[in-house]
Each structure stands twice: as structure tokens, then as C-alpha cells.
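Observations on chain architecture
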Amino acid sequence: IINLPKIHNVLTTAGALTPMPLIAAVTLALAAAAKAGWGRLSSQTYRRLNLGLATSSLWCVVSILLAPTLTAGRTIYVQPLLGYAICAHMFTAVHC
């Protein structure tokens, strides 16, 4: 087992959270477009945002499931949190 410094966990967590502002911005943009009606949501821009949100959510599910492989067996998140994250991202991807 590799003995890594504690900063590794901080950087790993920060790296895992980097897409969150982008996901939040896209979600807020789609919510604002939904209030404006189907006309705006059916525009090419918002269809692309919708597809991007679904794709990024699916990628998050894949990265959660493959985390032990991608990190050489080192995971710092507890199982219930991983389960909730998978459910939230699958819900998002399905409803896009």
C-alpha cells in the first residue's frame, strides 16, 4: 500500500467536486428556460445543455462505480454517500 500524505485526500475531494459549479449553472439555466416555456427549451442551445447535463451525470455514475479501479483501490467516500450520488446522477440523466 502506498503511504500518501493527508493532502492527497483533500485534493482528491476537491477534484471530485470540480464539476459541481458547472452542473449547477446548467441546471439553473435549464430551469429558467423551463419557466419561459417549451419554445425556449426546444431551441438548439437548451437541447445541447440538456444533452450535456445527461452525459455528465452518466459520466459521474461511471466514475463512481469505477472509482476503486481509477484510484488503485483508494476511496475516501462512505458507501451510503456513493449510493446517494449514484441515485441522484441516474435520476438526473433519466429525466434529461
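Shown above is the structure to which this text applies.
Residues numbered from 1 in each chain as written. Predicted model: local features only at pLDDT ≥ 70, side-chain atom pairs only at ≥ 80, totals over all residues. Heavy atoms only, no water.

1. Brief notes about the overall build of the chain
Which entries qualify depends on this criterion: Each helix is a run of DSSP H or I of at least 4 residues and each strand a run of E of at least 2, with the numbering of both proceeding from the N terminus. Restricting the calculation to C-alpha atoms gives the radius of gyration, and the globule rule supplies 2.2 Å times the number of residues raised to the power 0.38.
Helix and strand content of the chain: 6 helices and 0 strands. Along the chain, from the amino end to the carboxyl end, the secondary structure elements read α-α-α-α-α-α. The C-alpha radius of gyration computed for the chain amounts to 16 Å, which surpasses the reference 12 Å derived for 96 residues by more than 25%, pointing to a less compact arrangement than a globule. Projecting the C-alpha coordinates of the chain onto the three principal axes gives extents of approximately 55 × 20 × 20 Å.

2. Considering a nonpolar patch on the surface
Just so we agree on the cut-off: A patch is a set of surface residues, each over 30% in relative accessible area and not in a salt bridge, joined within 9 Å for like charges and within 5 Å for the nonpolar side chains Val, Leu, Ile, Met, Phe, Trp and Tyr. Only the protein chains shown count as cover for residues, with accessible areas throughout obtained via the Shrake-Rupley method and a probe of 1.4 Å. For this analysis, a salt bridge means a side-chain nitrogen from Lys or Arg found within 4 Å of a carboxyl oxygen belonging to Asp or Glu. Residue exposure (1.4 Å probe, protein chains only): buried if accessible area is under 20% of the type maximum, exposed if over 50%, otherwise partly exposed.
A surface patch of nonpolar side chains, about 520 Å² in accessible area, is lined by Trp-59, Val-62, Leu-65, Leu-66 and Leu-70. Examining the composition of the nonpolar patch, we find that 3 residues originate from one element, helix H4 (residues 44-65), more than from any other. For Leu-65, a relative accessible area of 55% corresponds to the exposed category.

3. Observations concerning the layout of surface pockets
Over the atoms, a rolled probe matching the size of one water molecule traces out where space is still vacant. The condition is simple: Grid points spaced at 1 Å and placed over the protein atoms alone form the basis of the search, with a cavity being a set where a 1.4 Å probe fits but cannot get out and a pocket an open set showing protein on both sides within 12 Å along at least five of seven lines. Lining residues have an atom within 4 Å of a point. Grid points are joined across faces, edges and corners, and a volume is the space filled by probe spheres set on the points. Under this grouping Gly is polar, as are all residues other than the nonpolar Ala, Val, Leu, Ile, Met, Phe, Trp, Tyr, Cys and Pro and the charged Asp, Glu, Lys and Arg.
Here the largest pocket defines a volume of roughly 760 Å³. Lining of the largest pocket is provided by 27 residues; of these, Ala-16, Cys-60, Ser-63, Ile-64 and Tyr-77 occupy positions nearest its centre. Ranked by residues supplied to the lining of the largest pocket, first place goes to H4 with 7 residues. Taken together, the residues of the lining of the largest pocket sort by class into 17 nonpolar, 9 polar and 1 charged.

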